[in-house]
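# Working through the structure, step by step
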2 protein chains.
Amino acid sequence: MLGGACTYISLAASYFTKVSIVGVVGEDFAQEDWDLLAGRGIGLEGLEKAPGKTFFWSGVYSEDMNDRETLRTDLNVFADFDPKLPESYRSMPYLLLGNIQPALQAKVRDQMDGARVVAGDTMNLWINETRDDLLAAIGKWDILLINDSEAQLLTGEKNLKKAAKAILEMGPNTLIIKRGEYGAVLFRDDYHFVAPAYLLDRVFDPTGAGDCFAAGFMGHLAAREVDLTDKSLDPKTLAQAVVYGSVMGSFCCEQFGVERFRTLTRAEIDERYREFQGFTQF
Amino acid sequence: MLGGACTYISLAASYFTKVSIVGVVGEDFAQEDWDLLAGRGIGLEGLEKAPGKTFFWSGVYSEDMNDRETLRTDLNVFADFDPKLPESYRSMPYLLLGNIQPALQAKVRDQMDGARVVAGDTMNLWINETRDDLLAAIGKWDILLINDSEAQLLTGEKNLKKAAKAILEMGPNTLIIKRGEYGAVLFRDDYHFVAPAYLLDRVFDPTGAGDCFAAGFMGHLAAREVDLTDKSLDPKTLAQAVVYGSVMGSFCCEQFGVERFRTLTRAEIDERYREFQGFTQF
């Protein structure tokens, strides 16, 4: 079915702000998938259609949903992807780089020199195999989103606070460490915020939850026109963005793949945000 | 060194309320340990001194402090312990049962028929080996404190919400599921509250942290004279108690064994409580 970081991010962020994507699909990309994205108002000028098949991934999750094993990865048209941003994208203020090779992330980032806030996701594969590229890329980001085990891998620090400190010295002024079913922590030099994950009766499919988290977080920053270098920035705005991230991650897990986004409404998002207030405020 | 659930609980709870303990030590129990407890105003009338040696435990923790392996457990005087409550204890309103055999917990609980709130802790050993005794004991408790893997073991449910629902049908009206470095969740039929753990630069020794959590939680309930069956009870009071629990657990980890309680002040506790507000409120 339809999947991929770009898909999850754009669908989830579309509830907060106008989103445009850059990516590549093959000739097999279904019209109904194109329509789903367009139906959420997502700008598709940068979505290239190339000869061949679309990237494909499949995997199985462990019974507790905390681990997954890749069954198959076919790069297909993605193997030769060379992202070129449409002219209309270049002045957009918020850039979120999904989890791909750091060198490709850097290529996109360099085409958006004027961006107010640049955020990026990464994974153990790039930390292990393209560490230098990754460090060079991260050095030009405002926000790094990473999970806890990857933060350890990147820094060699087992302690979360120490790992965070080390990452904040790599360039980003804002770090989000994702902890799966336990939530997420935002770190800045002078502030941190800890959000739990929403407790679901059933985690149907966690695929894309991290991307949807990033989308909710970044979507809220964009909606509020946040400048992370603004000295008068209220850190509570960042905390609220983390909670919106958690909200979007939780919805993602409720159905298979991107299915939940076929029916999700902004009212449901705001209702769940209020639920977060109810079970975290004292 | 000095240790044990009763020690950690009484030291931590002594910052919130008047505490008296029931337990047994051997002839080797040091005067300075007795003095430490007495110095915190802890009632020791129910602390029996029996011929033989005090209970002894030693273990090693994994590098990430999330697992531990027992090296040695000597029951010593604890093998024949038959808890008898002093007459002066029997009218006390709050009872917290440390993690021992459920049959012993039940014996103490039955001697305090008039208690307003009864809470108890347990572990995998009793779930596996004395399940019937445990279920009988829990049936007479208002609050069960248990960690997440033990909640799964007790109920057979991997999903936290479903496990919680199953436990609330076993008798307690309030359940706390401890998640170690990820915090704790309080469940009631119509309310739940999720608290993160405090992020420490260094977890020096997590021994006793769960007991100190229980002590901070129960200590705050006692200080506020909470009745869990009172329909007008503000659930925020329970949330505040969970946060005090997390605060006390975090202090416990800062030094080896009970060392932190030699210098800890109520002002430090209240300062850390305010820190929790800072990193959880949005």
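Everything here concerns the structure above.
Residues numbered from 1 in each chain as written. Chains lettered and ligands numbered in written order. Predicted model: local features only at pLDDT ≥ 70, side-chain atom pairs only at ≥ 80, totals over all residues. Heavy atoms only, no water.

### Describing helix H7 (residues 160–168) of chain B
All names here are of chain B. Within the sequence span of H7, burial applies to Leu160, Ala163, Ala164, Ile167 and Leu168. For H7, the arc enclosing every buried residue in end-on projection is 135°, short of the 170-degree limit, so these residues lie on one face. In this structure, the buried residues of H7 make contact with strand S7 (143–147), helix H6 (148–155), strand S8 (174–178) and strand S9 (184–188). A distance of 3.0 Å separates the backbone nitrogen of lysine 161 from a side-chain oxygen at the start of H7, and that oxygen is part of asparagine 159. (Buried < 20%, exposed > 50% of the residue type's maximum accessible area, 1.4 Å probe, protein only. Helix = DSSP H or I, 4+ residues; strand = E, 2+ residues; numbered from the N terminus. Arc of directions from axis to C-beta. Contact = heavy atoms within 4.5 Å. Polar contact = N/O pair within 3.5 Å; in protein donor to acceptor, adjacent residues only side chain to side chain.)

### Some remarks on the environment of Thr54(A)
All names here are of chain A. Tracing the backbone through its elements, the reader meets threonine 54 in the loop between strand S2 (43–49) and strand S3 (56–61). Here the alpha-carbon distance between threonine 54 and glycine 26, two residues 28 residues apart in the chain, equals 4.2 Å. If near-sequence neighbours (up to four positions away) are discounted, threonine 54 is found in contact with Val25, Gly26, Asp28, Phe29, Asn76 and Val77.

### What about unusual backbone geometry?
We note that Asn76(A) has phi near 50°; this positive angle belongs to a residue other than glycine. Looking at the element boundaries, Asn76(A) is found in the loop between strand S4 (68–74) and strand S5 (94–97).

### Quick notes on the environment of Thr130(A)
All names here are of chain A. Among the structural elements, threonine 130 can be located in the loop between helix H4 (124–129) and helix H5 (131–138). Judged by its relative accessible area of 22%, threonine 130 falls in the partly exposed class. Separated by 72 residues in sequence, threonine 130 and serine 58 have C-alpha atoms that sit 23 Å apart. Non-local contacts of threonine 130, meaning those with residues more than four positions away in its chain, are made with Pro102 and Leu125.

### Regarding the pairing of strand S6 (residues 117–121) of chain B
Residues and elements named next belong to chain B. Counting buried positions along S6 yields five of five residues, so the element is predominantly enclosed. Of the strand pairs in this sheet, strand S5 (residues 94–97) and S6 are connected by four bridges, and their pairing is parallel. By the bridge assignment for S6, leucine 96 is matched with alanine 119. What joins S5 to S6 is helix H3 (residues 102–110), and the crossover it makes is right-handed. Here S6 runs beside S7; their pairing, made up of three bridges, is parallel. Pairing of glycine 120 across the sheet is with leucine 144, part of S7. (Pairing = 2+ DSSP bridges. Right-handed = clockwise from strand over helix to strand, strands pointing away.)

### Looking at the relation of the copies chain A and chain B
Laying chain A over chain B is done by rotating through 180° and shifting 0.0 Å along the axis; what remains is an RMSD of 0.0 Å. One copy is carried onto the other by what is essentially a two-fold rotation axis. The overlap is high: 100% of the interface residues of chain A also sit at the interface in chain B, so the same surface is used on both sides. (Least-squares fit on C-alpha atoms with pLDDT ≥ 70 in both.)

### Let's talk about the interface of chain A and chain B
Each partner contributes residues to the interface: chain A has 34 residues there, and chain B has 34 residues. Taken over both partners, the interface formed by chain A and chain B buries close to 3,200 Å², and the fraction arising from carbon and sulfur atoms is 59%. Its largest share of buried area at the contact with chain B, chain A owes to Tyr182(A), Leu199(A) and Phe282(A), together 29% of the area lost on that side. For the pair chain A and chain B, the number of links is two salt bridges. One salt bridge connects Lys161(B) with Asp201(A), and the closest N-O pair in it is separated by 3.8 Å. Elements represented by at least two residues in the side of chain A that touches chain B include exactly helix H7 (160–168), strand S9 (184–188), strand S10 (191–195), helix H9 (235–252) and helix H10 (266–280) of chain A. With six residues, H10(A) is the largest single contributor of residues to the side of chain A that touches chain B. Within the side of chain A that touches chain B, the residues separate by chemical class into 16 nonpolar, seven polar and 11 charged. (Buried area = accessible area lost by both parts, 1.4 Å probe. Salt bridge = Lys/Arg side-chain N within 4 Å of Asp/Glu carboxyl O. Nonpolar A, V, L, I, M, F, W, Y, C, P; charged D, E, K, R; others polar.)

### Looking at the packing of aromatic side chains
Summed over the entire model, instances satisfying the criterion amount to 23 aromatic pairs over all chains. On the numbers, 5.7 Å between centres and 25° between planes, the contact of Phe78(A) with Phe81(A) is stacked. Like Phe81(A), Phe78(A) is buried. A centroid spacing of 3.7 Å and a plane angle of 0° characterise the contact between Tyr182(A) and Tyr182(B), whose relative ring orientation is stacked. Of the two residues, Tyr182(A) sits in the loop between strand S8 (174–178) and S9 while Tyr182(B) sits in the loop between S8 and S9, which places them in two different chains. An identical accessibility class is assigned to Tyr182(A) and Tyr182(B); each is buried. (Phe/Tyr/Trp six-rings, centres within 6.5 Å; stacked < 30°, edge-to-face > 60°.)

### Quick look at the sheet that holds S7(B)
Residues and elements named next belong to chain B. If you walk across this open sheet you meet the six strands as S5-S6-S7-S8-S9-S10, and the pairing is mixed. A single partner strand is all that each edge strand has here, and the edge strands are S5 and strand S10 (191–195). The sheet shows a mean angle of 15° between the axes of neighbouring strands, direction not considered. Summarising the sheet, S9 and S10 pair through five bridges and their orientation is antiparallel. (Axes fitted to C-alpha atoms, helices over the stretch in contact; angles between N-to-C directions.)

### Topic: the nonpolar core
If you look at the biggest cluster of nonpolar residues, it comprises 89 residues, and the most contacted ones within it are Met248(B) and Phe261(B). No other element matches helix H9 (residues 235–252) of chain B, which puts 10 residues into this core. Not counting residues within four places of it along the chain, the set of residues in contact with Phe261(B) comprises Tyr8(B), Leu11(B), Ala12(B), Tyr15(B), Arg40(B), Cys212(B), Met248(B) and Cys252(B). By size, the runner-up hydrophobic cluster in this structure holds 88 residues, among which are Leu186(A), Leu199(A), Val226(A) and Tyr244(A). (Core = buried A, V, L, I, M, F, W, Y, C linked by side-chain atoms within 4.5 Å.)

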